[in-house]
Amino acid sequence: MSAASCLLSKDQFLCSICLDVFTDPVSTPCGHNYCKNCITQHWDINDRCQCPMCKEVFYTRPQLKINTLLSEMVAQFRQEAQQKASSSSEQQVAKPGEVSCDVCTGTKLKALKSCLVCLTSYCETHLEPHLTVSGLKRHQLMDPVKNLEDRMCTKHDKPLELFCKTDQTCVCMLCSVLDHRTHEFVPVKEECEGKKAELEKTEAEIQQMIQKRRLKIEEIKHSVKISKDDADREKAEGVQVFTALKESVDRGLNQLIKEMEEKQKTTEKQAEDLITELEQEISELMKRSTEVEQLSLSEDHLHLLQNFPSLKAAPPTKDWTEVRVRPPSYEGTVVRAVAQLEEMLSKEMKKLFEAELKRVQQYAVDVTLDPDTAHPELILSDDEKQVKHGDVKKNLPEKPERFSPCPCILGKQSFSSGRFYFEVQVKEKTKWTLGVARESIYRKGNITLSPQNGYWTIWLRNRNEYKALDVPPVDLSLKSGPKKVGVFVDYEEGLVSFYDVDAAALIYSFTGCSFTEKLYPYFNPCLNEGGENSVPLIICPVSYN
């Protein structure tokens, strides 16, 4: 029976009406088999009794009886099919999120295919008719999907087989000849291939974006590492400097205390020696006083007269009239100690500024002057590295970016991020202004230099009056005038610093600045003043010490 069922299961265990395995199989007089309910309902709804397979007409409705042999074979087939399904149920049972078979009762097995004609998903067992029955073989099968009804045209109840390129939507065959008859169509599969190509391009773009962002992450991490390394280095230098300073302060304090204590000990020793000497004289005097008193009370006239000469005068003693214990002078001791500390601190500060200047010089940029921004009376060198004021106003085209009447000029190079540094020689000039300015500065008429107006500058006036044009302006007390000025900007940090390059000293820093525009180097050589200020401002190459 088992062998027979295996041979017959592909064709003859299926009812040609319900397309499923027989239930209560019966045989018609013409020899064809059907489910009892299937053939009975078929004859009930038709005017005459006719075999659905061979079309033989029965004028008298046949009395149908269960085909016992076929029924047993069907039962055996069902049992074997169930055992077969059970043996692989671990893999075939539908898991959450997977498409399950719509025909299975009880335990739902995983669907292998979905039929777009039947709008049903089938497991391996229930898919068998679509693989063997000639009529079902023509049905369109696809990988299992949920919501098969979404793949049907809601208006015509037909599969969505075409893509309307005009309306960019999926349609059925009836849509193409009715509602969309003048539109351009392609098969869904063909359009899908095109869309896949677009998706591949999109995927490539997304992967490129992902790669860029990963690189940006690495860049940010690298920046954080650099920042940490810089912070660690600065902390180490700070600890070193402050430790040395603290040790110097402790040494100075200890030396100060030691010096004062030694002076006090010397004073105390001197006082002790004098007191000892005085006490010795007092002892001698008290002894003489006793002898004199005893002699004066003596009744022995001869004895008194014989000893009188030796006791008549007081014993020899030191003249203590001018003897003083003078307290030591401590005036200036603390001042001298602090002065020594200040000198040491000054040396440490110089070392720090030298190291800082070397670091900012690493961000040196090549700056040249922009003739289009130059006041008509300014004279530029051929290499656009020097600028001075002339007495003759050149006939230049009036431009919005040109300064007038202030004798100013900007650098060609602009900066909107990061750090940059440049050096300008100001030697022998009596007046000058240097710094940076934002792109949108006011360039016509009288200009007030201040951070609010977009200028971060310092200047020299009257040969030795230096000032940082902050709000309010800050007078700068410099030991000596700089011959070369370094300008450093950290855009993100909001920092503009000026250095005396030769002295390796910080002149002034603008901090907490908020930069939102491009920044340009700013130069003002000031007026010639009859030749007293004729020396040019010179943009110098940075020399790393």
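Every chain's residues receive numbers from 1 upward, in the order its sequence appears when written. With the structure being a predicted model, the display of local features is reserved for residues of pLDDT at least 70 and the display and counting of side-chain atom pairs for 80 or more, all residues being used for whole-chain, interface and lining totals. Hydrogens and water are ignored here; the side-chain numbers use all heavy atoms of the structure.

Named according to an unreviewed UniProt entry, the protein is E3 ubiquitin-protein ligase TRIM21 originating from Lates calcarifer.

Regarding a nonpolar patch on the surface
Defined as follows: Like-charged residues within 9 Å of one another, or nonpolar side chains (Val, Leu, Ile, Met, Phe, Trp, Tyr) within 5 Å, are grouped into patches, provided each residue has over 30% relative accessible area and no salt bridge. Under the convention used here, a 1.4 Å probe and the Shrake-Rupley method define accessible areas, while residue burial counts only the protein chains that appear. A pairing counts as a salt bridge when a side-chain nitrogen of Lys or Arg comes within 4 Å of a carboxyl oxygen of Asp or Glu. Helix and strand assignments come from DSSP, with helices taken as H or I runs of at least 4 residues and strands as E runs of at least 2, each series counted from the N terminus.
Taken together, the side chains of Leu174, Val177 and Leu178 make up a nonpolar region of the molecular surface, amounting to roughly 240 Å² of accessible area. In this structure, Leu178 sits in the loop between helix 7 (173-177) and strand 10 (185-187).

Focus on the UniProt feature "coiled-coil region" (unreviewed entry) in the protein
Worth spelling out the cut-off: UniProt positions are given in the numbering used here, feature names are shortened, and annotations may be inferred rather than shown by experiment.
In the numbering adopted here, UniProt assigns the feature "coiled-coil region" (unreviewed entry) to residues 189-219 and 246-295. Structurally, residues 189-219 is divided into 100% helix and 0% strand, and its ends, taken at the C-alpha atoms, are 44 Å apart.

What about the environment of Val501?
How we decide: By definition, residues are in contact when any of their heavy atoms lie within 4.5 Å.
Relative to the helices and strands, Val501 is located in the loop between strand 20 (495-500) and strand 21 (505-510). Residues Val501 and Lys358 lie 143 residues apart in sequence; the distance between their C-alpha atoms is 10.0 Å. Sequence-distant contacts of Val501, defined by excluding residues within four places in its chain, comprise Leu357, Gln361, Tyr421, Glu423, Lys484, Val485 and Gly486.

Some remarks on the packing of aromatic side chains
The condition that has to hold: Each pair of aromatic rings taken from Phe, Tyr and Trp, with Trp reduced to its six-membered ring, is defined by centres within 6.5 Å and is described as stacked if the planes are under 30 degrees apart, edge-to-face if over 60, and tilted in the remaining cases. Between buried and exposed lies partly exposed: a residue is buried under 20% and exposed over 50% of the maximum accessible area for its type, with that area taken using a 1.4 Å probe on protein chains only. By the criterion adopted, a ring carries a charge over it if an Arg CZ or a Lys NZ lies within 6 Å of its centre and within 35 degrees of its normal.
Using the criterion set out here, one finds twelve aromatic pairs in the structure. Between Tyr363 and Phe488, the ring centres sit 6.0 Å apart and the planes meet at 45 degrees, which makes this aromatic pair tilted. Taken together, the residues span a long stretch of sequence, with Tyr363 in the loop between helix 10 (333-361) and strand 11 (378-380) and Phe488 in strand 19 (residues 484-490) at a distance of 125 residues. With 5.4 Å between their ring centres and 45 degrees between their planes, Tyr491 and Phe515 make a pair best called tilted. A residue pair is termed long-range when its members are at least 10 positions apart, and Tyr491 in the loop between strand 19 and strand 20 and Phe515 in the loop between strand 21 and strand 22 (519-524) qualify at 24 residues. As far as the burial class goes, Tyr491 and Phe515 line up, both buried. Three or more aromatic residues link up through ring pairs in this structure, and these residues are Phe403, Tyr455 and Tyr522. The cationic tip of Lys318 hangs over the ring face of Trp320; the distance from NZ or CZ to the ring centre is 4.8 Å.

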